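Reading the structure
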Amino acid sequence: MTAGRGLVSPRTRRTLAMVLAIIALAIYTTIMLILVTQDVDWLSDFEAYYSSSAHLASGGSLYMPEQLAGPFDAICERCYLYPPPFGQLLVPLTAVPLAAAKAIWFALMLTSGWLSVWLALSIGGAARTIESAAWSLVAIAFYLPAFHSIWMGNVGTLLGLFVVMVALGGTLAGVGAALATVLKVAPGTLVPVALVADRRSAISM
């Protein structure tokens, strides 16, 4: 019984959270170092964003000729599949080499995923503590779908953060709905939610 109580004691829980969070940070820091120092075929989704934005910066289009010529497959390898504003926002990132841009994007997706979980926990009633922050990092690091999203370099965790912002209400809801709609077309469904939520969310959007 004593051992059982110890496993669920606050001190043990906090210690476990910190140990797992440190392991997660070590793993992700190693991945970022590899991204910066080696030519690896990771973050393939981000490569499509990067190359399209670089093409736009040089006077071209975000979209490939076959996309502009007519209907194309929903899965289009190395194609940019989002609205123009998102590609335009990524243009400054093309000023750095692809390897460095991948590391920056990787860190951004990890941070947005962690923040979305941490804020979502507070919506559910959990206090915003160091322990909950640590468990949020553990969740985003070791939950396979989240890890896969960050590994591929797609916008999944960023979109998740915007959805949580809408759920928080107020000014954040309007900003989250607007940013999500700039990012992709489908999250436009969040706009009516932000408009009717309250006056602050409608104004901020």
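The structure contained in this document is the topic of the report that follows. Note that the structure is a prediction, hence the values are computed from the model and not measured.

It is worth spelling out the overall build of the protein at this point. Each helix and strand in the protein was counted, giving twelve helices and zero strands. Put simply, the protein runs from its N terminus to its C terminus through helices and strands in the order α-α-α-α-α-α-α-α-α-α-α-α. Looking at the protein as a whole, 37% of its 205 residues qualify as buried. The contacts of the protein with a sequence gap of at least 6 include a subset with a gap of at least 24, amounting to 64%.

The grouping of Val19, Ile23, Ile27 and Phe142 at the surface amounts to a nonpolar patch, some 320 Å² of accessible area in total. With three residues, helix 2 (residues 10-37) is the single largest residue contributor to the nonpolar patch. Secondary-structure assignment places Phe142 in helix 7 (residues 130-142). Under the relative-accessibility criterion, Phe142 is labelled partly exposed at 43%.

Membership of the largest hydrophobic core comes to 43 residues, with the highest contact counts inside it found for Phe46, Tyr49, Phe86 and Trp105. At the level of elements, helix 2, helix 3 (44-57), helix 6 (98-123), helix 7, helix 8 (144-152), helix 9 (156-168) and helix 10 (170-183) are the ones that each hand at least two residues to this core. Not counting chain neighbours up to four residues away, the residues in contact with Phe46 comprise Leu93, Leu98, Ala101, Lys102, Trp105, Met152 and Gly153.

Turning our attention to helix 6. Taking 1.5 Å per residue, 26 residues should reach 38 Å; helix 6 reaches 37 Å between its end C-alpha atoms and fits that length. Just beyond helix 6, the residue with positive phi is Gly125, at close to 110 degrees.

Here the focus is the packing of helix 7 against helix 8. As a packed pair, helix 7 and helix 8 sit with axes 5 Å apart at the nearest point and diverge in direction by 70 degrees. By the angle between their directions, the pair helix 7 and helix 8 is classed as roughly perpendicular. Each of Ile140, Ala141 and Phe142 in helix 7 lies in contact with helix 8, whose residues at this interface are Leu144, Ala146, Phe147 and Ile150. Of the residues contributing to the contact of helix 7 with helix 8, the split by class is seven nonpolar, no polar and no charged.

Let us look at the packing of aromatic side chains. Per the counting criterion, the structure on display carries 16 aromatic pairs. Measuring from ring centre to ring centre gives 6.0 Å for Tyr80 and Tyr82, while their planes differ by 80 degrees; the resulting arrangement is edge-to-face. Since its relative accessible area comes to 0%, Tyr80 is described here as buried. Here Tyr82 falls in the buried class, since its relative accessible area comes to 15%. Ring geometry for Tyr80 and Phe86: centres 6.4 Å apart, planes at 25 degrees, overall stacked. Like Tyr80, the residue Phe86 is buried in the burial classification. Three or more aromatic residues joined by ring pairs make a cluster, and in this case those are Phe46, Tyr49, Tyr50, Tyr63, Tyr80, Tyr82, Phe86 and Trp105.

Here we come to unusual backbone geometry. Positive phi outside glycine occurs at Leu43, with the angle close to 55 degrees. By the secondary structure assignment, Leu43 is in the loop between helix 2 and helix 3.

Moving on: the side chain of Ser136. Tracing the backbone shows Ser136 in helix 7. A distance of 3.5 Å separates a polar side-chain atom of Ser136 from the backbone nitrogen of Trp118. There is a polar contact of 2.7 Å between the side chain of Ser136 and the backbone oxygen of Ser132. Discounting residues that sit within four places of it in the chain, Ser136 has contacts with Trp114, Val117, Trp118 and Leu121.

Here we come to helix 8. Buried residues of helix 8: Ala146, Ser149 and Ile150, and no others. Angular distribution of buried residues about the axis of helix 8 spans 95 degrees; they occupy a single face of the element. Contacts from the buried residues of helix 8 go to helix 2, helix 6, helix 7 and helix 9. Looking one or two residues past helix 8, Gly153 carries a phi angle of roughly 80 degrees, positive in sign.

Here is what the cut-offs are and how they apply
Residues numbered from 1 in each chain as written. Predicted model: local features only at pLDDT ≥ 70, side-chain atom pairs only at ≥ 80, totals over all residues. Heavy atoms only, no water. Helix = DSSP H or I, 4+ residues; strand = E, 2+ residues; numbered from the N terminus. Buried < 20%, exposed > 50% of the residue type's maximum accessible area, 1.4 Å probe, protein only. Contact = heavy atoms within 4.5 Å. Patch = residues over 30% accessible without salt bridge, like charges linked within 9 Å, V, L, I, M, F, W, Y side chains within 5 Å. Areas by Shrake-Rupley, 256 points an atom, 1.4 Å probe, with all protein chains shown as cover. Salt bridge = Lys/Arg side-chain N within 4 Å of Asp/Glu carboxyl O. Core = buried A, V, L, I, M, F, W, Y, C linked by side-chain atoms within 4.5 Å. Expected span 1.5 Å × (residues − 1). Axes fitted to C-alpha atoms, helices over the stretch in contact; angles between N-to-C directions. Parallel < 35°, antiparallel > 145°, perpendicular 65-115°, else oblique. Nonpolar A, V, L, I, M, F, W, Y, C, P; charged D, E, K, R; others polar. Phe/Tyr/Trp six-rings, centres within 6.5 Å; stacked < 30°, edge-to-face > 60°. Polar contact = N/O pair within 3.5 Å; in protein donor to acceptor, adjacent residues only side chain to side chain. Arc of directions from axis to C-beta.

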